[in-house]
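One-letter residues, chain by chain:
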Amino acid sequence: MPKVTEEHRQARRRQIAQAALRCFARNGFQQTSMADIIAESGLSAGAIYGHYKSKEELVELAVSTVLDDRFVEVAEARRRDPLPTPGEMVRLLLRGIESQIPDLTLLLQIWGQVPINPRLGELAVRVGARIRAVLTDYLATWYERRGGIAPEEAAARAAEDATLYMGIIQGYVTQTTLFADFDRDAYLAAVDRVGADPRR
């Protein structure tokens, strides 16, 4: 029997996770069963359960995959000269999220399950910590490099402001999902003005 490579294993896990995301977006998280995901993926039950035991595990991988790709983009952006503004960084993150999760209602569905699903609650805590850390590191660099702020002050200010930028990203997802007349371009234009002057 040929040996299964790690690359093949990761590709199969992504295939299953993408099938799950399609089901969640179409039917809702609560209404989607593992049988639905098996049918959507075109794989056998054994192939699915060999990688995942529950919907929550599938969500965890899908979210981790999206985040890992976004964090690579942020790391690359931090090496640019000039350094992207906070507004440009928010646009970068949102474009990336939308490229991998075209139906943002899925994120809202998952967030809605967090208060009543302990497994998803734990995932939310881990994901939130990772996002805050990445945004804090970027903002500290922005405040130092573009604002001329001393490193300690820049780090303290970045730690405070990171949650604001998390809220901006969540606000975009929420309003895109809830309001038919939400003007994405106007929202992002306003974001461009937030933090444009790092010395404020």
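Quick look at the structure, then. (Residues numbered from 1 in each chain as written. Predicted model: local features only at pLDDT ≥ 70, side-chain atom pairs only at ≥ 80, totals over all residues. Heavy atoms only, no water.)

## Focus on the packing of helix α5 (residues 86–100) against helix α9 (residues 184–193)
Point 1. Here α5 crosses α9 at 145°, and the two axes come no closer than 8 Å. Handedness of the α5/α9 crossing: right-handed. Contacts between α5 and α9 involve G87, E88, V90, R91, L94 and E98 from the first element and R184, L188, A189, V191 and D192 from the second.
Point 2. Its residues placed into classes, the contact of α5 with α9 shows five nonpolar, one polar and five charged. (Axes fitted to C-alpha atoms, helices over the stretch in contact; angles between N-to-C directions. Helix = DSSP H or I, 4+ residues; strand = E, 2+ residues; numbered from the N terminus. Left-handed = near helix turned anticlockwise from the far one by under 90°. Contact = heavy atoms within 4.5 Å. Nonpolar A, V, L, I, M, F, W, Y, C, P; charged D, E, K, R; others polar.)

## Comments concerning the pattern of salt bridges
Point 1. Counted under the stated rule, the structure contains seven salt bridges.
Point 2. Where E40 meets R26, a salt bridge forms, and the shortest distance between an N and an O atom there is 2.8 Å. In this pair, E40 sits in helix α2 (residues 34–41) while R26 sits in helix α1 (residues 6–27), placing the two residues 14 residues apart along the sequence.
Point 3. Measuring nitrogen to oxygen at the nearest pair gives 3.6 Å for the salt bridge that ties D161 to R157. Of this pair, D161 and R157 both sit in helix α8 (residues 151–178), four residues apart, which is roughly one turn of the helix.
Point 4. One salt-bridge network, in which partners are shared between bridges, spans R22, R26 and E40. (Salt bridge = Lys/Arg side-chain N within 4 Å of Asp/Glu carboxyl O.)

## Some details on helix α7 (residues 118–145)
Point 1. The first and last C-alpha atoms of α7 sit 41 Å apart over 28 residues, in line with the 40 Å expected at 1.5 Å per residue.
Point 2. For α7, the N-terminal capping position is held by N117, with its side-chain oxygen 3.1 Å away from the main-chain nitrogen of R119. (Expected span 1.5 Å × (residues − 1). Polar contact = N/O pair within 3.5 Å; in protein donor to acceptor, adjacent residues only side chain to side chain.)

## Details of the packing of aromatic side chains
Point 1. Counted by the stated rule, this structure contains three aromatic pairs.
Point 2. On the basis of an interplanar angle of 75° and a centroid distance of 5.9 Å, the ring pair of Y172 and F182 is categorised as edge-to-face. Placement of Y172 in helix α8 and of F182 in the loop between α8 and α9 is noted, with a sequence separation of 10 residues between them. In terms of burial, Y172 and F182 fall into one category: buried. (Phe/Tyr/Trp six-rings, centres within 6.5 Å; stacked < 30°, edge-to-face > 60°. Buried < 20%, exposed > 50% of the residue type's maximum accessible area, 1.4 Å probe, protein only.)

## Things to note about the environment of R12
Point 1. Summarising the element assignment, R12 is placed in helix α1.
Point 2. The exposure class assigned to R12 is partly exposed, which follows from its relative accessible area of 23%.

## Thoughts on unusual backbone geometry
Point 1. Cis geometry marks the peptide bond from D81 to P82; its omega dihedral reads 10°.
Point 2. Within the secondary structure, P82 is located in the loop between α4 (55–78) and α5.

## With respect to the environment of A17
Point 1. For A17, the location among the structural elements is in helix α1.
Point 2. Assessed through its relative accessible area of 3%, A17 is described here as buried.
Point 3. For the pair A17 and Y52, spaced 35 residues apart in sequence, the C-alpha separation works out to 9.4 Å.
Point 4. Those residues in contact with A17, other than ones at most four positions away along the chain, are Y52, L58, L61 and A62.

## Digging into the nonpolar core
Point 1. By size, the foremost hydrophobic cluster in this structure holds 60 residues, and its most contacted members are F24, I37 and V59.
Point 2. Those residues within four positions of V59 in sequence are excluded, and the remaining contacts are F24, F29, I110, L120 and L123. (Core = buried A, V, L, I, M, F, W, Y, C linked by side-chain atoms within 4.5 Å.)

## With respect to α2
Point 1. Among all positions in α2, only M34, I37, I38 and S41 are buried. In an axial view of α2, the angular spread of the buried residues amounts to 100°, which keeps them on one side of the axis. In α2, those exposed residues whose orientation departs by more than 90 degrees from the buried face are A35 and A39.
Point 2. The inward-facing, buried residues of α2 contact α1, α3 (45–49) and α4.
Point 3. Of the residues one or two after α2, G42 is the one with positive phi, at around 75°. (Arc of directions from axis to C-beta.)

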